[in-house]
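# Secondary and tertiary structure notes
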Amino acid sequence: MKKLAYIIPLIIFFISCENVVQIKLDEGSKLYVIDAFISDLRTDQVVRVTTNDSYFSNRSAPPVDNAIVTLVDLNTSASYSFSYTSKGKYVYSINTPDTIARLGHKYMLQVTINGDTYTSINEQNRGAVIDSIGAYYNDGSDPFGGPANSYNCLLFARDKADNNPDYYWLRTFRNDTLFNGSADINICIDGTGGAVLNAPTDTIAFTPSATFLGFKNYKLNDVCKVEIHSISRETYFFFYQALTQINNAGLFATTPENIKTNISTPNGAKIRSIGWFSMATAVTKSKVVQ
Amino acid sequence: MNYVLNSFSSIKASYNRMAQYLQIISNTAASTPLDVYTIASNNLKPLIADQGAIGYFRNFKDNMFETSIEVYYKYMQNQLDYVDNADLFINNYVEGQLIQGLGRAYGTEVYIKKSKGKLGGWVSYTLSKTERLVRGISNDDWFRSRYDRTHCLNTNMNWDITKQLNIGATFVFLTGTPATFPNSKIQIQDLNIPYNTTGVRNNYRITPYHRLDLGLTWNVDMEKHWKRKFNRRVWKRKLFGLDNNISSPRKFFAPIFKNHESSWVLSVYNVYNRRNAYSIYFRTKAGDPLQTEAVRFSVIGSIVPAITYNFKF
């Protein structure tokens with residue numbers, strides 16, 4: 001044991017390879033960042049307009065409070081104006097029986113800042129169907145993991161099976177609090193690991209890992225809620241790329257690259273805009289853990 | 001081409017054209033064993049490199065010092081590079097992720113060597129620049145290649161203290177490897193996403209690499225060694241009143257150590273324990289989604305002492 005006491009610190013000394021370091025980075029030029037993920041859920045729809053910030057800043061993104069945000073239905077020419085609240089958030093409150101987003105319609109987002117109008121177009125795709133959410137007690141021996149003395153929640157949902165892949169973004173909540181860490185971004189194709197073609201049935205069941213509603217240590221009487229947003233292929237790869245860049249670390253880290261944007265900057269605009277606009281058909285269900 | 005000016009100086013010049021049908025493609029921040037090589041095909045032209053160099057060579061003090069200074073220029077066509085956001089690993093359609101462009105490298109090299117006397121060694125210094133121009137990458141402008149090293153200094157020194165004892169030292173200094181760093185971050189769906197507003201590839205460098213290694217070599221005189229061992233045994237036997245009719249251990253070992261050459265080497269790698277960066281990457285701090293940080297990744301980031309015994313048989 002005495003020998004081990006000497007050898008173990010020595011090994012750690014030799015193999016410890018990562019250190020947080022201070023690096024001086026130049027200030028990047030100003031960009032507008034548009035974060036617009038809109039769905040047909042009957043809740044407040046939010047578009048966030050901010051600017052980029054220095055990389056090592058530890059604050060929330062600087063807000064832009066003088067933008068005019070409008071969503072236009074290109075099929076019906078209906079227009080929806082978003083109102084500024086705070087922290088760069090522009091909100092459209094749904095107060096009619098109708099929804100803001102309709103299946104198969106194309107939508108244009110217009111964000112006007114200081115006379116320049118930044119635009120983006122996206123289409124509303126078909127959604128998935130949620131059958132139920134299952135919850136079961138985990139004493140720590142669950143083969144899928146999760147902490148002991150907690151409840152794991154599983155999603156039972158179906159995807160339309162044909163030769164057109166569907167792309168989904170699953171958002172999980174505990175007691176109305178969204179799990180929003182980078183590790184909580186759950187995206188999938190056709191509810192599985194990849195596109196399902198030539199399926200023998202009309203619908204197919206979601207499979208792990210899409211069905212894992214994040215083993216988040218649910219307790220008795222917690223509310224587990226899930227939203228399945230049917231997003232476009234481009235939005236799916238936007239998330240995929242964003243996660244790649246966020247988790248780009250270690251020995252096999254790749255050269256950092258700028259994520260794609262689907263926001264168009266008008267000719268002559270002094271400040272470029274980047275970000276993402278997505279329309280989604282969303283379904284939601286919740287369950288009290290019992 | 002070699003033009004001899006006199007008995008101690010000459011001018012050498014060279015030109016060569018090379019076609020290379022195998023090229024490395026890598027989008028990792030540092031070289032790894034997983035880097036992918038690809039061959040020229042219907043879609044990928046072979047690399048063609050033209051290189052010219054001219055140098056002046058001169059010896060001083062009866063060839064005790066050898067010196068040279070050279071300049072070179074290399075121009076490359078069909079240099080292979082990858083598009084932004086490329087997926088190179090286990091991709092059947094990897095050629096769709098690649099584009100070809102131009103490359104150029106130029107610089108000067110100075111070399112001094114002392115080859116006679118107890119104190120020997122050499123110093124080599126290179127001042128150079130390596131760039132690429134690939135349409136669709138880095139704003140369609142020349143950008144630093146990952147192999148660009150502005151300064152490269154290599155020194156080696158040997159000092160024969162005695163016939164048997166030798167000290168050696170090696171010092172290396174290299175400008176940091178070019179790397180692409182984000183200069184800002186954006187927030188989308190509460191994710192902190194790094195972003196480089198300039199769009200320039202390899203816009204920064206990791207910290208410079210430098211390292212000092214030391215070595216102490218003791219060449220064992222085997223003849224002397226066997227004699228000393230034999231005398232010790234004789235002396236011991238005398239002490240205990242035994243007869244001295246014994247054979248030298250050399251007789252036993254001589255067939256093994258035919259050349260009578262062996263040495264002990266005590267060496268220290270990275271004497272001043274510098275944690276040279278292998279790569280630098282960026283991440284969101286664990287437990288604090290708003291805070292981002294830079295992390296230096298070092299491979300052998302510590303001092304490494306070693307003892308070696310060499311023998312010829």
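Keep in mind the model is a prediction, meaning the values are calculated, not measured. (Residues numbered from 1 in each chain as written. Chains lettered and ligands numbered in written order. Predicted model: local features only at pLDDT ≥ 70, side-chain atom pairs only at ≥ 80, totals over all residues. Heavy atoms only, no water.)

The next point concerns the overall build of chain A. For chain A, the helix and strand inventory stands at two helices and 17 strands. Overall size of chain A, expressed as C-alpha extent along the three principal axes, is 75 × 55 × 40 Å. Per-residue burial over chain A gives 46% buried out of 290 residues. When contacts within chain A are restricted to residue pairs at least 6 apart in sequence, those whose partners lie at least 24 apart make up 64%. With 25 positive and 26 negative side-chain charges, chain A shows a spacing of 5 Å between the two charge centroids. (Helix = DSSP H or I, 4+ residues; strand = E, 2+ residues; numbered from the N terminus. Buried < 20%, exposed > 50% of the residue type's maximum accessible area, 1.4 Å probe, protein only. Contact = heavy atoms within 4.5 Å. Lys, Arg positive; Asp, Glu negative; His and termini not counted. Charge placed at Lys NZ, Arg CZ, Asp CG, Glu CD.)

The next thing to look at is the interface of chain B and chain A. By convention, interface size is frequently given as the accessible area that disappears when the constituent parts associate. Across the contact, 52 residues belong to chain B and 60 residues belong to chain A. Between chain B and chain A, a total of about 5200 Å² is buried, with carbon and sulfur atoms accounting for 56% of that surface. Among the residues of chain B in contact with chain A, Asn85(B), Gln189(B) and Tyr195(B) are the three that bury the most area, contributing 13% of the side total. Counting the contacts that link chain B with chain A gives zero salt bridges. Summed over the shared surface of chain B and chain A, the number is 17 residue pairs in polar contact (both at pLDDT 80 or more). (Buried area = accessible area lost by both parts, 1.4 Å probe. Salt bridge = Lys/Arg side-chain N within 4 Å of Asp/Glu carboxyl O. Polar contact = N/O pair within 3.5 Å; in protein donor to acceptor, adjacent residues only side chain to side chain.)

Moving on, we get to unusual backbone geometry. Residue and element names in this part refer to chain A. At Asp190, a residue that is not glycine, the phi angle is positive and equals roughly 55 degrees. By secondary structure assignment, the location of Asp190 is in the loop between β14 (186-189) and β15 (203-205). The phi dihedral of Asn221 is positive, around 75 degrees, even though this residue is not glycine. Tracing the backbone shows Asn221 in the loop between β15 and β16 (223-231).

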